[in-house]
Amino acid sequence: MSKTNGHKTVFKKLLSEYCPSPYYMFCPSGIFPRTEYDFKQLNVDNIPYEKYILTINSYDKNNSEFIDDCIDNLIDNIGKATYYTDDFYYQFYYCNDRQKIPEQDKTIYREMLTVEVRIYKRSD
């Protein structure tokens, strides 16, 4: 498994603890509530870790309470958390970037959260 796919799997597993139906980038239409996530690596020289920005979009239809609760749970639980795998450890930092995003369909509620992730290689 590639390093990127491994990170994607960790993000999906983590998000599934707090959010409904997490999908990487795109979800089949009509699934509510749902969460879509994406991440991009930031190229920063002279640091001992990989740095990513994880963007999380949660959607629901006709009611925003459920996704509000999901985003609250994410901030409370991974906003400053560290998670471990056999090869890496992941440090999450809430970026104080939480936005309600208007959708063209006014019955759909969307909220976006941005989290910085620092990924360190574990050494024995």
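If you're wondering where the values come from, they're calculated on a predicted model, not measured in any experiment.

Participant: Could you give me a rundown of helix H1 (residues 3–16), with the residues and numbers involved?
Facilitator: Over its 14 residues, H1 extends 20 Å from the first C-alpha to the last, a length consistent with the 20 Å expected when each residue adds 1.5 Å. Within the span of H1, buried status applies to Gly6, His7, Val10, Phe11, Leu14 and Leu15. Along the long axis of H1, the arc covered by the buried residues comes to 165°, so they all point the same way.

Participant: Outline unusual backbone geometry, supporting the account with residue identities and numerical values.
Facilitator: For the peptide bond that leads from phenylalanine 32 to proline 33, omega is -15°, which places it in the cis range. Structurally, proline 33 can be placed in the loop between strand S1 (22–24) and strand S2 (34–42). Although it is not a glycine, methionine 25 sits at a positive phi angle of roughly 70°. Relative to the elements of secondary structure, methionine 25 occurs in the loop between S1 and S2. You will see that asparagine 62, though not glycine, has its phi angle at about 75°, which is positive. Position of asparagine 62 among the secondary structure elements: in the loop between strand S3 (50–61) and helix H2 (65–78).

Participant: Just give me the short version of H2, but keep the residues and values in it.
Facilitator: Helix length check: H2 (14 residues) gives 20 Å between terminal C-alpha atoms against 20 Å at 1.5 Å per residue, within 8%. Restricting attention to buried positions, one finds in H2 the residues Ile67, Asp68, Cys70, Ile71, Leu74 and Ile78. Buried residues of H2, seen end-on, are gathered within an arc of 160° and therefore sit on one face of the element. Exposed side of H2, more than 90 degrees from the buried face: Glu65 and Asp76 are the residues found there. The secondary structure elements touched by the buried residues of H2 are H1, S3, strand S4 (82–84), strand S5 (88–100) and strand S6 (108–121).

What counts, and where the lines are drawn
- Residues numbered from 1 in each chain as written.
- Predicted model: local features only at pLDDT ≥ 70, side-chain atom pairs only at ≥ 80, totals over all residues.
- Heavy atoms only, no water.
- Helix = DSSP H or I, 4+ residues; strand = E, 2+ residues; numbered from the N terminus.
- Expected span 1.5 Å × (residues − 1).
- Buried < 20%, exposed > 50% of the residue type's maximum accessible area, 1.4 Å probe, protein only.
- Arc of directions from axis to C-beta.
- Contact = heavy atoms within 4.5 Å.

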